[in-house]
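Each chain is listed here by its residues.
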Amino acid sequence: MQANIRTRTLEITVISGENLYVDGNPVGESAAASVVVRTESLKCWSTKTAAKGGLGYPLWDEKLVVEMPLHARSITLEVQCRTSKGGSSGSSSSVRSIGVARIGVWDILGGEGEGEGEGKGTLQKEGWLHVMSYRLRNWEGRRNGVLNFSARVVKKKEEEEEEEEEEEEKNNMMDHHHHHEMKGLNDNNDGGVVLGVPVWWNNHLGIHV
């Protein structure tokens, strides 16, 4: 059984690709492309095949919510395509890799410098959106188009609940402190009675204001 690994939630929107080719042919002509996201974990996430866009310029505009281990140093986005061969009666298909983009974790988190796990670099606030374009390279190291996507850190439900509990505890402590301050002020007065000057006091002394 795999031990529980602390993760950070990312929302990655795969937007589009540019100049994507397979075997010299633009993607979309005889190949349907999709994008696979990996975060240095056993799981991976994939978009649907692109149904829009021109030849070589697939359009996904699909949002993926992924879990990234805190120890991860990078994530990869790989564009794959399914090509078909043969006629309608005896056609076969195979999955081909078009190109891979490797993104450093701190390019997404918005920190300064490279880090691993918590406490490294400067983590930007959750919800900050980063829109990026990365050049793809095939397994031979050759350039093969560009992938456009966006990414942001998403708060987990349990993190939001913890923050709400901390805020409630803080408010309770402030109310408790305020109560003791008021009690101390009253105790300093005689018998707990607040002393004041009547509004008619000056007139009683013959002083006009």
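In this numbering scheme, every chain counts its residues from 1 along its sequence in written order. The predicted origin of the model limits local features to residues at a pLDDT of at least 70 and limits the giving and counting of side-chain atom pairs to 80 or more, whereas totals for whole chains, interfaces and linings rest on all residues. Think of the side-chain values as coming from all heavy atoms in the structure, minus any hydrogens and water.

This next bit is on the overall build of the protein chain. Secondary structure elements are defined from DSSP: runs of H or I of at least 4 residues count as helices, runs of E of at least 2 residues count as strands, and each element is numbered from the N terminus. Of regular secondary structure, the protein chain possesses 3 helices and 11 strands. Its helices and strands taken in sequence order, the protein chain reads β-β-β-β-β-β-β-β-β-α-β-β-α-α from the N to the C terminus. Three labels apply to residues, based on accessible area from a 1.4 Å probe with only protein chains included: buried if under 20% of the type maximum, exposed if over 50%, partly exposed otherwise in between. By the burial criterion, 32% of the 209 residues in the protein chain qualify as buried. We call two residues in contact when some of their heavy atoms are within 4.5 Å. Taking as baseline every contact in the protein chain between residues at least 6 positions apart, the subset at least 24 positions apart corresponds to 64%. Surface summary for the protein chain: the accessible area is close to 14,200 Å², and the carbon and sulfur share equals 49%. With residues, only the protein chains shown are counted as cover, and all accessible areas are computed by Shrake-Rupley using a 1.4 Å probe.

The next subject is the pairing of strand β7 (residues 57-69). Here 9 bridges tie strand β1 (residues 7-18) to β7, and the two strands are oriented antiparallel to one another. Pairing of Ile 12 across the sheet is with Leu 64, part of β7. Strands pair, by our definition, only if DSSP identifies at least two bridges between them. Summarising the sheet, strand β6 (residues 52-54) and β7 pair through 3 bridges and their orientation is antiparallel. What sits directly across from Gly 53, in β7, is Pro 58. As consecutive antiparallel partners, β6 and β7 are separated by 2 residues, and within that stretch Gly 56 has a phi angle of approximately 80°, a positive value.

With 9 of 12 residues buried, β1 is to be regarded as a mostly interior element. Two elements, β1 and strand β11 (residues 143-154), share 9 bridges in a ladder whose sense is antiparallel. In the strand pairing of β11, Thr 13 is matched with Ser 150.

Here the focus is the pattern of salt bridges. Salt bridges are identified by distance alone: a Lys or Arg side-chain nitrogen within 4 Å of an Asp or Glu carboxyl oxygen. Considering all chains together, one arrives at 4 salt bridges under this definition. The salt bridge involving Arg 152 is made with Glu 11; its shortest N-O contact spans 2.8 Å. A residue pair is termed long-range when its members are at least 10 positions apart, and Arg 152 in strand β11 and Glu 11 in strand β1 qualify at 141 residues. Residue Arg 152 is classed as partly exposed on the basis of its relative accessible area of 24%.

Let's shift gears to the confidence of the model for the protein chain. It should be kept in mind that the predicted coordinates are not to be read in detail where pLDDT is low. A residue's pLDDT is the predictor's confidence in that residue, given on a scale from 0 to 100. Put simply, the protein chain has an average pLDDT of 76, and 60% of its residues get 70 or more. Within the model, the stretch residues 112-122 combines pLDDT values under 50 with 24 contacts to residues more than four positions away or in other chains. Note on residues 192-201: pLDDT is under 50 here. Beyond four places in sequence and across chains, it has 3 contacts.

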